[in-house]
Amino acid sequence: MVKTTHPRKIIIEPVTRVEGHGKVTILLDEHRKVQQARLHIVEFRGFERFIQGRPYWEVPVLVQRLCGICPVSHHLAAAKAMDLIAGVDQLPPTAEKMRRLMHYGQMFQSHALHFFHLVSPDLLFGFDADPAIRNVIGVARQFPHLAVQGVMMRKYGQELIKATAGKKIHGTGAIPGGINKNLSIAERDEFLKDLDQMLKWSRESVALAKEYTVTHLKELVDFGSFESNHFGLVRKDGAMDLYHGNLRAITADGQKIFDQVDYQTYADYLAEEVKPWSYMKFPFIQSLGPDRGWYRVGPLARINTCDFIDTPEAEGARQELMALTQGKPNNITMAYHWARMIELLHSIEKIKDLLHDPDLQGVELRAQGRTRRSHAVGMIEAPRGTLIHDYEVNEQDQVTRCNLIVSTTHNNTPMNRAVEKVARDFLSGTEVTEGLLNRIEVAIRAYDPCLSCATHAMGRMPLTVEIQDAQGIRVHRRTRGVDPDV
Amino acid sequence: MSKRLLILGYGNPGGLDDGLGPACVEALRSFDLPDVTLESDYQLTVEDAALAAEHEVVVFVDATVAGPEPFDFFEVQPAETLSFSSHVVEPGAVITLAESLFGARIHAFTLAIRGYQFNEFGEYLSQQARNNLAAAVQFLAPLARSHTLPTALKPKARMN
């Protein structure tokens, strides 16, 4: 008689300190070795139904409801699609530059928040530090200058968004074909007052991320790492462009898979695989197929895919990062943080250039459309990676179909790979130790995923760690921070 | 010099009753509330500590998935840790950050309005949530106008 040992499942949910919540399941084989790890992500579904039938000019405002952390990215991606729907191929300089200022403000505040308040506790206190200390309040107590820096950088970016997009919740800055306001001299001068401080802090942030990565390289080089393709938008001359560009995909060693592809045709190059265990799809490059065609997006992928950065200090920092891998693409998962800080510096350099550009005080805010379209794609490099908005609109100006591929979906396979790698390297026995949990969180946080902004309402965010056997019987459970009243 | 009162409503107006916080702030805009700062956002974030630090009293207004109807009102104690997510910062953490980073001393409260529908897109409130919102506004507006909010309840006392 053959004795069968059932595989065991270890479940961790939700992952702390990423937006929304997710669940990690680790499936063990009969030898109690990791067979597979899966990151389950709960998406906020029903948006397509919500938006169908709405007039196209409302869409840039409505899509901000998708995400409380990066509403500007959805706002701008939708506005870019609706420019084309309205028949506008070219925005007036004031409109495009105001949108860029909004976008760089968004990138700046998002990257600052992530680095100082999500990641810095891991880097400053170590992966094994007590979670009661390893958080932003711990940073505030022991490194108050860094915590203040993070808050003030985030605030600077948020104020830029307010000046360009309007109210935090009902931002209406970008409209089909343009923008609804310019930047006054008084507003500009307010931002110029703090600009040098923001530049200084950004330089220091790059230095901090670089120093951490280089100092801990031996530990980090293999941590949750793997070779992958990389995907993103680049300008026609190959420069990084976070607002607009053409598609480029490269292999793990830097060979171009495709380049300078008009993103209106993205569906000819990308496809999405559905897996029965996940609500979220798994995008891949069609020509390579689902097994070899998955790719990474976001700061590290953007640094890898571009030929250069067109602002001097960020370009210098990019060259230093690329030197780590002798100019070849960097596939170290934890290098995302260094890449993110390079983009932070790039964003504030761009903000500086824009604030000194008199076009921001121009009065031509909107272009007149010519030939209206019924189908258009808007694409942007959001803080977490490439964001695709794809719409069809009928003759009554109503949206009839929309398809969104968000950054976190692009990074679905890489995040699963990272979790699996960490689980294989650090799981011992069948217990989710604090050390394993921390490392899984650290690996996922490198991608800065937006798991779900479904609702943050009180009572919705428990942290539970649970181990189940093959029959689904709980054998171990750990919960922290749950309010017993809700 | 500190301003008197900040009322900060947060939640997603596209997430049905999750929008109760911003809806409350919008309703309060129709009242004459001198020296009161009204703000709303999708969620609390760390830079709200800087805004809170500019005020003597802060009222956080949020939807709640459970708890007393039509609302709960209670004092916020500084939180020692962030409970789950820095992207879902709790009011107590905002107060702690305001104190530790900016040296502020703030008297803070939470107005937790009971909601019922959260898991879909939709820019409207359920009928029960609208009723609860009306009661919450009726409660908060006179306190905010009369400068009596800090003495409206004893510490940790709950009103509903």
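Numbering of residues begins from 1 in every chain and follows the order in which that chain's sequence is written. Labels are handed out in written order, letters beginning with A for the chains and numbers beginning with 1 for the ligands. Residues qualify for local features only when their pLDDT is at least 70, as the model is predicted, and side-chain atom pairs are given and counted only at 80 or more; totals for whole chains, interfaces and linings, by contrast, use all residues. In computing side-chain values, all of the structure's heavy atoms are included and hydrogens and water are not.

> I'd like a rundown of the overall build of chain B, residues and numbers included.
Looking only at helices and strands, chain B features four helices and five strands. Taken from N to C terminus, the helices and strands of chain B fall in the order β-α-β-α-β-β-α-β-α. Throughout, exposure labels follow a simple rule: accessible area from a 1.4 Å probe, protein chains only, divided by the maximum for the residue type, with under 20% read as buried, over 50% as exposed, and the rest as partly exposed. The proportion of buried residues among the 160 residues of chain B is 62%. Methods summary: accessible areas were calculated by the Shrake-Rupley approach with a probe of 1.4 Å, and residue burial reflects only the protein chains presented. A total accessible area of about 5900 Å² is found for chain B, and carbon and sulfur atoms account for 50% of it. Per the convention used, a helix needs a DSSP run of H or I reaching at least four residues, while a strand needs a run of E reaching at least two, with both numbered from the N terminus.

> How would you explain the pairing of strand β6 (residues 229–234) of chain A if you had to name every residue and give the values?
Taken residue by residue, a regular strand's side chains alternate between the two faces of the sheet. Residue and element names in this part refer to chain A. For β6, the buried fraction is high: six of the six residues fall into the buried class. Burial of the side chains of β6 extends over both faces: Asn229, Phe231 and Leu233 are buried on one face and His230, Gly232 and Val234 on the other. Bridging between β6 and strand β11 (residues 295–296) involves two bridges; their strand directions are parallel. By the bridge assignment for β11, Asn229 is matched with Tyr295. Relative to strand β7 (residues 246–250), β6 runs antiparallel, the two sharing five bridges. When the bridges of β7 are listed, His230 appears paired with Ile250. Note: two strands are recorded as paired if DSSP finds a minimum of 2 bridges between them.

> Hey, could you go over unusual backbone geometry for me, with residue numbers and the actual values?
Cis peptide bonds are those with omega within 30 degrees of zero, and the linkage from Glu69 of chain B to Pro70 of chain B qualifies with 0°. Examined against the element boundaries, Pro70 of chain B turns out to sit in the loop between β3 (55–64) and β4 (71–75). Backbone geometry places Gln260 of chain A, a non-glycine residue, at a positive phi of 55°. Looking at where Gln260 of chain A falls in the secondary structure, it is placed in strand β8 (residues 256–261). A relative accessible area of 28% means that Gln260 of chain A is categorised as partly exposed. In this structure, Asp448 of chain A takes a positive phi of about 50° despite not being glycine. Within the secondary structure, Asp448 of chain A is located in the loop between α15 (434–445) and β15 (463–468).

> Kindly report on the nonpolar core, identifying the contributing residues and their values.
Nine residue types can take part in a nonpolar core, namely buried Ala, Val, Leu, Ile, Met, Phe, Trp, Tyr and Cys, and a core is a set of them joined through side-chain atoms within 4.5 Å. Ile26, Tyr156, Ile342, Ile348 and Ile351 of chain A together with Phe60 of chain B are the most contacted members of the largest nonpolar core, which has 131 residues in total. Examining the composition of this core, we find that 15 residues originate from one element, helix α4 (residues 93–125) of chain A, more than from any other. For the domains described, the bounds stem from an automatic or database domain assignment. Split by domain, this core shows at least three residues from each of two domains, domain 1 (9–42 + 411–480) and domain 2 (55–407) of chain A. It only takes one pair of heavy atoms within 4.5 Å for two residues to be counted as in contact. What Phe60 of chain B contacts, discounting residues up to four positions off in sequence, is Leu8, Tyr10, Leu44, Val76, Pro91, Val94, Ile95, Ala108, Phe109, Thr110 and Leu111 of chain B.

> Go over the packing of aromatic side chains with me, naming the residues and quoting the values.
All names here are of chain A. Pairing of aromatic rings covers Phe, Tyr and Trp, the last counted by its six-membered ring, and requires centre-to-centre distances within 6.5 Å; plane angles under 30 degrees mean stacked, over 60 mean edge-to-face, and any other angle means tilted. Overall, the coordinates contain 16 aromatic pairs over all chains when judged by the stated rule. Ring geometry for Phe223 against Phe426: centres 6.0 Å apart, planes inclined by 55°, an arrangement best described as tilted. Here Phe426 lies in helix α14 (residues 412–426) and Phe223 lies in the loop between α8 (217–220) and β6, a separation of 203 residues in the sequence. What makes Phe223 buried here is its relative accessible area of 4%. These aromatic residues form a ring-pair network of at least three members: Phe231, Phe258, Tyr269 and Tyr295. Comment: the charge-over-ring label is applied if NZ (Lys) or CZ (Arg) is within 6 Å of the ring centre and within 35 degrees of the ring normal. When the ring centre of Phe282 is taken as origin, the NZ or CZ atom of Lys275, which lies over that ring, is 4.5 Å away. The lysine or arginine in question, Arg439, covers the ring of Phe426, its NZ or CZ lying 5.1 Å from the ring centre.

> Which residues make up the sheet that holds β11 of chain A, and what values go with them?
Residue and element names in this part refer to chain A. Read from one edge to the other, the open sheet built from four strands follows the order β8-β7-β6-β11, with strand pairing classed as mixed. On the outer flanks of this sheet lie β8 and β11, each paired with one strand and no other. In the sheet, β7 pairs with β8 via three bridges, with the strands oriented antiparallel. The partner of Leu247 across the bridge, within β8, is Val261.

> Which residues make up the environment of Tyr156 of chain A, and what values do they have?
Assignment of secondary structure puts Tyr156 of chain A in helix α6 (residues 144–165). Along the backbone, Tyr156 of chain A and Phe191 of chain A are 35 residues apart, and their C-alpha atoms lie at a distance of 7.9 Å.

> I'd like a rundown of the confidence of the model for chain B, residues and numbers included.
Low-pLDDT portions of the prediction should not be read for the details of their coordinates. Residues and elements named next belong to chain B. The pLDDT value expresses, per residue, how confident the predictor is, ranging between 0 and 100. For chain B, the mean per-residue pLDDT works out to 86, and 86% of the residues sit at or above 70. Taken as a whole, residues 154–160 scores under 50 in pLDDT and shows 19 contacts with residues more than four places along the chain or in a different chain. Quick note on the complex model: pTM equals 0.88, ipTM equals 0.80.

> Got a sec to walk through the sheet that holds strand β14 (residues 399–405) of chain A? Specific residues and values, please.
Residues and elements named next belong to chain A. With respect to topology, three strands assemble into an open sheet ordered β12-β13-β14, the strand pairing being antiparallel. Both outer strands of the open sheet, β12 (375–382) and β14, are each paired with one neighbouring strand and no more. On average, each strand axis in the sheet is tilted by 15° relative to the strand beside it, whichever way the strands run. Here β12 runs beside strand β13 (residues 385–393); their pairing, made up of eight bridges, is antiparallel. Looking at β13, one finds that His375 is bridged to Glu392. Note on geometry: axes are C-alpha line fits, over the in-contact stretch for helices, and angles between N-to-C directions span 0 to 180 degrees.

> Got a sec to walk through the pattern of salt bridges? Specific residues and values, please.
Just to be clear on terms, a salt bridge is a Lys or Arg side-chain nitrogen sitting within 4 Å of an Asp or Glu carboxyl oxygen. One pass over the structure, following the stated rule, counts 38 salt bridges over all chains. For Arg154 of chain A, the salt bridge goes to Glu47 of chain B, with nearest N and O atoms at 2.8 Å. With one member in each of two chains, Arg154 of chain A in helix α6 and Glu47 of chain B in the loop between β2 (36–41) and α2 (48–52) form a pair that bridges those chains. As far as the burial class goes, Arg154 of chain A and Glu47 of chain B line up, both buried. Among the ionic contacts, a cluster of salt bridges with common partners joins Arg54, Glu58 and Arg65 of chain A together with Glu123 of chain B.

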